[in-house]
Amino acid sequence: MSSVRRKALLKVIILGDSGVGKTSLMNVYVNKKFSNQYKATIGADFLTKEVHIDDRTVTLQIWDTAGQERFQSLGVAFYRGADCCVLAFDVTNPISFKSLDSWRDEFLIQASPRDPEHFPFVLLGNKVDLEQNRAVSAKRAQSWCQTKNNIPYYEVSAKEALNVEAAFQAIARDALARESQDTSDFSDFAPPSVRLTSNAQSSGSSGCSC
Ligand code: G3D
Ligand code: MG
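Reading the values: the criteria
- Residues numbered from 1 in each chain as written.
- Chains lettered and ligands numbered in written order.
- Predicted model: local features only at pLDDT ≥ 70, side-chain atom pairs only at ≥ 80, totals over all residues.
- Heavy atoms only, no water.
- Near = heavy atom within 4 Å.
- Polar contact = N/O pair within 3.5 Å; in protein donor to acceptor, adjacent residues only side chain to side chain.
- Areas by Shrake-Rupley, 256 points an atom, 1.4 Å probe, with all protein chains shown as cover.
- 1 Å grid on protein atoms, 1.4 Å probe; cavity = no way out; pocket = protein on both sides within 12 Å on 5 of 7 lines; lining within 4 Å.
- Sits in = over half its atoms within 2 Å of the grid points.
- Nonpolar A, V, L, I, M, F, W, Y, C, P; charged D, E, K, R; others polar.
- Core = buried A, V, L, I, M, F, W, Y, C linked by side-chain atoms within 4.5 Å.
- Buried < 20%, exposed > 50% of the residue type's maximum accessible area, 1.4 Å probe, protein only.
- Contact = heavy atoms within 4.5 Å.
- Points joined across faces, edges and corners; volume = space filled by probe spheres on them.
- Helix = DSSP H or I, 4+ residues; strand = E, 2+ residues; numbered from the N terminus.
- Expected span 1.5 Å × (residues − 1).
- Phe/Tyr/Trp six-rings, centres within 6.5 Å; stacked < 30°, edge-to-face > 60°.
- Lys NZ or Arg CZ within 6 Å of the ring centre and 35° of its normal.

**Quick look at the site of ligand 1**
Lining the immediate surroundings of ligand 1 are 18 residues, of which G19, K22, T23, S24 and D129 lie closest. At a separation of 3.1 Å, an oxygen atom of ligand 1 approaches a polar backbone atom of K159. About the coverage of ligand 1: the protein hides 67% of its 660 Å² of free accessible area. Here ligand 1 occupies the second largest pocket. Considering only residue class, the shell around ligand 1 consists of 4 nonpolar, 8 polar and 6 charged.

Structural data, given as structure tokens:
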């Protein structure tokens, strides 16, 4: 057996209405800073963080939007190959809670995972520091999760770094468990077939007629 343990890379995407705190949550988790400056400065599509789960090292590649979620047009690269989808809403904003269904549907359409019923989603209810302005109860959020095949629910606050670490640790754990189950099926990991020809033409187009 190899002395080098297989190192997993898990792609996690964060979806939810604009303003719910997706970028803040990611920055607090990855950079321990409640500020949007870092990501804005480096202009990244994703940030990575190594986490240790049991005896494994896992690199979480966390994809955030650059504000295009306002138009629900995130492009296929954003969704492609996601191992976990984190849905986020703002507990003080009921509209952001109502949007969850459409974000989940959009994910399932765009990413078209092999087993949509069992794809790992996680729900984060953010801004619980604003308890006095709460408009969506934990109970209501949990009921929604139950109707979606028992999605795990975490109440978090990016501002106060409350529960954020624990939520992402659980996200990594779920995605990893799911990934381990999938290793028995190599069809998921097979690269798309590429036809090689000796006189390949460089037409500048992909040749896709779609
Ligand atoms: P988005 O990436 O989902 O669009 P942002 O959301 O991370 O940009 O956050 C939107 C606004 O909500 C920001 O305020 C941010 O500071 C605030 N916010 C994010 N998380 C929390 C939280 O846990 N508690 C509170 N009270 N506010 C939060 P501004 O004023 O910069 O628009
Ligand atoms: Mg953002």
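This is not the end of the story, as more comes after the structure.
**Focus on the nonpolar core**
Counting residues in hydrophobic clusters, the biggest one holds 32 residues, and the most contacted among them are Y29, L60, I62 and L124. Leaving out residues up to four positions away in the same chain, Y29 has contacts with K49, V51, L60, I62, V164, E165 and F168. Judged by nonpolar contacts, the second largest core, of 26 residues, contains W63, L100, F107 and L123.

**Section: the layout of surface pockets**
Counted as a void, the second largest pocket has a volume near 260 Å³. Along the walls of the second largest pocket sit 22 residues, with G19, V20, G21, K22 and S24 positioned nearest its centre. With 3 residues, the single largest contributor to the lining of the second largest pocket is helix α1 (residues 22–31). Residue classes in the lining of the second largest pocket are distributed as 5 nonpolar, 10 polar and 7 charged.

**Description of the environment of Y154**
Tracing the chain through its elements places Y154 in strand β6 (residues 153–155). Sequence separation between Y154 and A138 is 16 residues; the distance between their C-alpha atoms is 8.9 Å. Those residues in contact with Y154, other than ones at most four positions away along the chain, are V122, L123, L124, G125, A167 and A170.

**Structural notes on helix α5 (residues 100–111)**
When the terminal C-alpha atoms of α5 are compared, their 16 Å separation across 12 residues agrees well with the 16 Å that a helix rising 1.5 Å per residue should span. Looking at α5, one finds that the buried residues are L100, W103, R104, E106, F107 and L108. Among the structural elements, β1 (8–15), α3 (76–79), β4 (84–90), α4 (94–98), β5 (121–126) and α6 (138–147) are those in contact with the buried residues of α5. Taken from the residues just after α5, S112 is the one with a positive phi, measuring 30°.

**Notes on the packing of aromatic side chains**
Scanning all chains against the criterion turns up 10 aromatic pairs. Ring centres 6.2 Å apart and planes at 55° place the aromatic pair Y79 and F107 in the tilted group. Of this pair, Y79 sits in helix α3 while F107 sits in helix α5, placing them 28 residues apart in sequence. Accessibility classification places Y79 together with F107 in one group, the buried group. Taking 6.2 Å as the distance between ring centres and 20° as the angle between the ring planes, the aromatic pair formed by F89 and Y153 counts as stacked. Pair noted here: F89 is in strand β4 and Y153 is in strand β6, with a separation of 64 residues, a long-range link. Feature note: the residues F46, W63, F78, Y79, F107, F119 and F121 constitute an aromatic cluster, connected by ring pairs. Of note, K49 hangs over the ring of Y29, and the distance from its end group to the ring centre comes to 4.6 Å.

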